[in-house]
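Structure at a glance
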4 protein chains.
Amino acid sequence: MSDAAPPVAVLGASGYTGGELVRLLLSHPGVEITYLGVREPEGRSIDQIHPFLAGAADLKLGDLSAEAASEKAEFAFLAMPHGLSAGIAPKLLEAGVRVVDLAGDFRLPADEYPAWYGFEHPAAAWLEKAVYGLPELFADRVAGASLVANPGCYPTPAVLGLAPLLMAGLITPDPVVVDGKSGLSGAGKALTESTSFAASDESVRPYKFPRHQHTPEIEHVLGLATGHTVRASFVPHLVPQVRGVLVTSYATLAGDVTTETLTDALAEAYDAAPFVRVLPAGAMADTKRVWGSNVVELQAAADPRTGKAIVVGALDNLVKGAAGQAVQNFNIMAGQDETTGLSSVGVYP
Amino acid sequence: MSDAAPPVAVLGASGYTGGELVRLLLSHPGVEITYLGVREPEGRSIDQIHPFLAGAADLKLGDLSAEAASEKAEFAFLAMPHGLSAGIAPKLLEAGVRVVDLAGDFRLPADEYPAWYGFEHPAAAWLEKAVYGLPELFADRVAGASLVANPGCYPTPAVLGLAPLLMAGLITPDPVVVDGKSGLSGAGKALTESTSFAASDESVRPYKFPRHQHTPEIEHVLGLATGHTVRASFVPHLVPQVRGVLVTSYATLAGDVTTETLTDALAEAYDAAPFVRVLPAGAMADTKRVWGSNVVELQAAADPRTGKAIVVGALDNLVKGAAGQAVQNFNIMAGQDETTGLSSVGVYP
Amino acid sequence: MSDAAPPVAVLGASGYTGGELVRLLLSHPGVEITYLGVREPEGRSIDQIHPFLAGAADLKLGDLSAEAASEKAEFAFLAMPHGLSAGIAPKLLEAGVRVVDLAGDFRLPADEYPAWYGFEHPAAAWLEKAVYGLPELFADRVAGASLVANPGCYPTPAVLGLAPLLMAGLITPDPVVVDGKSGLSGAGKALTESTSFAASDESVRPYKFPRHQHTPEIEHVLGLATGHTVRASFVPHLVPQVRGVLVTSYATLAGDVTTETLTDALAEAYDAAPFVRVLPAGAMADTKRVWGSNVVELQAAADPRTGKAIVVGALDNLVKGAAGQAVQNFNIMAGQDETTGLSSVGVYP
Amino acid sequence: MSDAAPPVAVLGASGYTGGELVRLLLSHPGVEITYLGVREPEGRSIDQIHPFLAGAADLKLGDLSAEAASEKAEFAFLAMPHGLSAGIAPKLLEAGVRVVDLAGDFRLPADEYPAWYGFEHPAAAWLEKAVYGLPELFADRVAGASLVANPGCYPTPAVLGLAPLLMAGLITPDPVVVDGKSGLSGAGKALTESTSFAASDESVRPYKFPRHQHTPEIEHVLGLATGHTVRASFVPHLVPQVRGVLVTSYATLAGDVTTETLTDALAEAYDAAPFVRVLPAGAMADTKRVWGSNVVELQAAADPRTGKAIVVGALDNLVKGAAGQAVQNFNIMAGQDETTGLSSVGVYP
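Since the model is a prediction, treat every value here as computed from it, not as a measurement.

1. Description of the sheet that holds strand E8 (residues 205-206) of chain D
Residues and elements named next belong to chain D. Ordered in space as E8-E9-E7-E10-E13-E12-E11, the seven strands form an open sheet in which the pairing is mixed. Each edge of the open sheet carries a strand with a single partner, namely E8 and strand E11 (276-278). Pairing of strand E10 (residues 245-252) with strand E13 (residues 308-315) involves eight bridges; the strand directions are antiparallel. Among the inter-strand pairings, Val245 is bridged to a residue of E13, identified as Leu315.

This is the structure:
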């Protein structure tokens, strides 16, 4: 582990998140990719699945085998569909491999899985040891963790925006409204009529509410971070862009609190956080500005007419909302600088 | 007025809403365009400003003159920037011309204008006589009105979604959250860096909150329709599409109310409304499906975990959110069939 | 046939072209839809496949049966994948139904089918009787036809742009370059990774060249129209939009010909054509301006440095490039006004 | 010059190209930005003009002064509108600063400027010494140059695709057709109605042809590279995306040449070029795959029916088409590895 560039595996390299992970890890100076697993390797190399990697990565693919990965790697990133990590992660962990799971399999208490993910959790003991990998709030725990649950793309900006205000007593633990907007890459690579270009362009629409699995994640992690029990009404929407998640949260102000006070509290909370950009009062968060970077932008405003605090967070769902945050967690776990291999500047326009 | 095809004027024909009005009126069998006014006519015809009208409309432009318009027309549509209608409408009305104003100048009580629009209302007497032109709720008043205030693009779906539930006692008059998403045509034709293609693509961002002028409109009209005082936290967002507004409203459920009950209440309220499509429980509203039509889609769901009713409304902001609704109001005022010249089928995909 | 509103069938109503046909026919005053056929009717009505038609069309679906259709209809529109019409059309024709085929099955000489479409044509006798339905060039033949081959989306603007210049002797029959750009709806509704929003946004790319089946169609129809044999190098590209085809053709100028001469020749050729808009010299064609309409925009320029005539054509591929042109052909066949039910004004922006 | 990280200036830092240059230079290990010049500095820092750079670059802005820049820098990147570099570059050069000009001011012979750029070139002596900075063809000359003319976004892929085929005798010097497609960032940051989101979405359209200034650049550089005089018919188009240029060139095959022969010739020519990706026969070039990278993708096909070679090239216009290629030229001039600070992997999707 004291390795300058420890060997790592990516299981589930064929999706958008997997491709982004490989892209980031290829240019990361403190890591060596030694194993890439996909469901159907068929003798292919990674650039046959992701042609944008052509020339950069002549890496052969293996299958989704914990055994094969644990022979080659000290760390494993799991970027498979929900439900698979819960079966594979324990085998890796038992073989001494430290794991960052990008699925939802280790983010919730065991008793929430049947209702929100539709399965009984098969590894409740490991689940209890998992650390929720939101470094800005839980970096200390991440550092020594064997198993890190990488956060969801919506909970990341929602929790980062609300937790400091709740801890500072500027908002109350009343139920919050979290309205999320996401680009189409968040829907993954699977083919559906609704994610075709023709069906998605000029289309903004909600989906899967009020039963989206990020609902209990937002509630659970707000509880972890603040000690308060907070309920969330969460409605995710698809908007016609590829990358980008923006969440707008509405909480109850604890008295006569101003936009400046809210903004100062966020700025103070993330003073030392390299990837959180708190916008000055009146400036508006924008997914475009963080595109391709690991930055989350936060904006807060008080609405005294209704007694609401409105907190907006924006990030690139494939970077800070998935692969970038996983690398950030890895950096902390591996004792490297938190920012290694990650950009704090978006690609614009 | 008993005219089969009364002569009408459009003042403010050069913007996107003005162009859409001319397009709709050109194919409307019960109307004749007799005057088109713009700020700088310069001897041009309408198709020089809107080349998509080439061949269809060889209409010369006049200036924004109430006098000239009232000589030629019995009805006038005003599609100018906020603040101009308040000055011009009274002159038209005094000349006997019936007016549909698409700006915000006649939508609020007089005392709200300084705070939300930045001007003292110059025609408070006419303001009191103005009828808010949301035909699904106020058709009776529209029929006989001389001056109709055509609703804003966000208030239309927000109010249509919430009012029947409030009247039925299914939600309480507690403050509501209204989260709006709009395409770029809603920002108008004026050139700004933020509305360029390069800056808007891959960008979802809030704007102008918490002081957007549709906030008091939503509150005021909910009061008009239901008798209840309701406060709204309203945050509008721009999403990278041209047309389409979707609002997601979060209200407090009055007890143990189900998605089916909410849906039934909406369906019943709009049973006879030709342009309201209430979606069955579980179906998701979509701006794409109503593109180019005068339809508003409504969807409701109960979230019993948080005690919230979530109501989603989608429309084409240039049609049902502006020009189409103005034509619908005109139809009612002129005693024509409400649906004349309007489509209830979107252009898809 | 002297019917004011003859009964018509649409076979293949489930795709984008089929949906557009139904939309146009529903608002067409001179037609009655009496049969809609799809591959898997399963007891559904058309609005279950095309929810944007909800409320407008409570039409039950049948299967792709020539027999069922011919019992109910005098005209049939075939909007099925290439290869199916060649089998079904003869049965309809033998039952006395007049047919507009939107596939490529009746556009080429029989001996071209194996090379370009991959099948031996099963109905060569009918193929010889088919009329190529480009009304601006062949309206006379369309009027009396039993079987009309509705043109492809690329050949329509390419041929309309080049044919008059060739006939006028302003360009030579040297090989032409035809560079085509199409929105994603042209790729149809079938799910492929390459037509997902995530893969198509920010992507311009050629496809299927130099063996696209519109190549021989352009050549064959230029021959039909002008008597000249002209070879075409044709490369189609996908661009990230839903609707719209723009073709840029490069031909050899026959001597010292100016932009004005080319423009005048086009303007004269289409003087009486209600759906062709010849742009003045220097104005640029634009797919957006014809969106949703049956208009094709044509623009010509001479490039004396290289001795080339450059002709640009733009249309909406689902309207003038498919369903709208089919309705235009039907109008002519049925003795109705050519423009009935079709718009010459696009929806903008 | 033997400096590990020489000080550099960027004049014209406020546009899209300027912002991209700053982004690339900030993460470039072998350079230090010491001066940023804009037209109206007004005491601002760079992140006030480019908020996406917030936190990364606390650099104060100066004005567009050759004097100020030459006091602080050994190299200068000029990213100003056409016409300004020709005046400023000589002053920098005379002060010993080596210059990479991203405008068109040093790309053509002096006698071409009046016709294509509208001005008499004010520094013809320097113009003769300028080296055209297409490193894949002219790296040797770039290495020792004081003044490098950074190529245009269209000429880069057009010339890289055609030159090797011409040199290998696989195509003839007959006039070529070059059909270009570009995203909106290529139109720059200036506000125009035609580059708004509402006007550009769903719009593909040609512009500025047949007099676009990249026409003589393509011709001149093909001559420089091959010794042949080649005329080009060039038509650029805008497509609704932000980044990405794709050019499709049509040349005359020199006899019986196959797709494989063309492909092999390109592959051989660029065997050692780190940023040229020659696609295997049948694979299609795609702007999306090179997004954010300095890669140009090339694809060739023979069309034996018409005797044409069709060559397609794709790149990111702000990287390989502008700022990235400028950094590549700088790397060579400064004796650093050609690839320093540049990515050969795009950001996908």
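2. Here we look at the domain arrangement of chain A
Where interface size is quoted, it is often the accessible area lost as the parts come together. Residues and elements named next belong to chain A. Each assigned domain of chain A is listed here: domain 1 (7-152 + 320-333) and domain 2 (155-316). Centre-to-centre separation of domain 1 and domain 2, based on C-alpha positions: 24 Å. With 20 residues of domain 1 at the contact, the number on the domain 2 side is 26 residues. Breaking the side of domain 1 that touches domain 2 down by element, the ones donating at least two residues are helix H7 (135-143) and helix H12 (319-333). With five residues, H12 is the single largest residue contributor to the side of domain 1 that touches domain 2. Taken together, the residues of the side of domain 1 that touches domain 2 sort by class into nine nonpolar, seven polar and four charged.

3. Some remarks on the relation of the copies chain D and chain B
Expressed as a screw operation, the relation of chain D to chain B combines 0.0 Å of axial shift with a rotation of 180 degrees, fitting to an RMSD of 0.0 Å. Taken together, the turn and the small shift mark the pair as related by a two-fold rotation axis. Comparing interface residues between copies, 100% of those in chain D also lie at the interface in chain B; the contact surface is shared.

4. Here's the deal with the interface of chain A and chain B
With 41 residues of chain A in contact, the opposing surface of chain B contributes 42 residues. Broken down by secondary-structure element, the contributors of at least two residues to the side of chain A that touches chain B are strand E7 (176-182), helix H9 (197-200), strand E8 (205-206), strand E9 (232-238), strand E10 (245-252), strand E12 (296-303) and strand E13 (308-315) of chain A. Across the side of chain A that touches chain B, the residue classes tally to 22 nonpolar, eight polar and 11 charged.

5. What about the interface of chain D and chain B?
Of the residues lining the interface, 13 residues belong to chain D; the matching set on chain B comes to 13 residues. Ranked by the residues each element gives to the side of chain D that touches chain B, the list is headed by helix H9 (residues 197-200) of chain D, at three residues.

6. Some points on helix H1 (residues 16-26) of chain B
Note that an α-helix has 3.6 residues per turn; residues three or four places apart therefore point the same way. For H1(B), a buried count of 10 out of 11 residues is recorded, marking the element as mostly surrounded by other parts of the structure. Of all the positions in H1(B), only Tyr16(B), Thr17(B), Gly18(B), Gly19(B), Glu20(B), Leu21(B), Val22(B), Arg23(B), Leu24(B) and Leu25(B) are classed as buried. Structurally, H1(B) contributes buried residues whose contacts are with strand E1 (7-11), strand E2 (32-37), helix H2 (46-49), strand E3 (75-78) and helix H12 (319-333) of chain B together with H9 of chain D.

7. Things to note about unusual backbone geometry
Residue and element names in this part refer to chain A. The omega angle of the peptide bond from Phe209 to Pro210 is 0 degrees, so this bond is cis rather than trans. By the secondary structure assignment, Pro210 is in the loop between E8 and helix H10 (214-226). Its identity as a non-glycine residue notwithstanding, Glu202 has a phi of 60 degrees, on the positive side. In this fold, Glu202 is placed in the loop between H9 and E8. Residue classification places Glu202 among the buried residues on the basis of 28 C-beta atoms within 10 Å. Located in the positive-phi region is Lys208, a residue other than glycine, with phi close to 55 degrees. As for its placement among the helices and strands, Lys208 is situated in the loop between E8 and H10.

8. With respect to the environment of Pro109(C)
Note that Pro109(C) resides in the loop between strand E4 (98-101) and helix H5 (113-117). For the pair formed by Pro109(C) and Gly83(C), sequence separation is 26 residues and the distance between their alpha carbons is 15 Å.

Procedures and definitions
- Residues numbered from 1 in each chain as written.
- Chains lettered and ligands numbered in written order.
- Predicted model: local features only at pLDDT ≥ 70, side-chain atom pairs only at ≥ 80, totals over all residues.
- Pairing = 2+ DSSP bridges.
- Helix = DSSP H or I, 4+ residues; strand = E, 2+ residues; numbered from the N terminus.
- Domains from an automatic or database assignment.
- Contact = placed C-beta atoms within 7 Å.
- Nonpolar A, V, L, I, M, F, W, Y, C, P; charged D, E, K, R; others polar.
- Least-squares fit on C-alpha atoms with pLDDT ≥ 70 in both.
- Buried ≥ 20, exposed ≤ 12 C-beta atoms within 10 Å, placed from the backbone.

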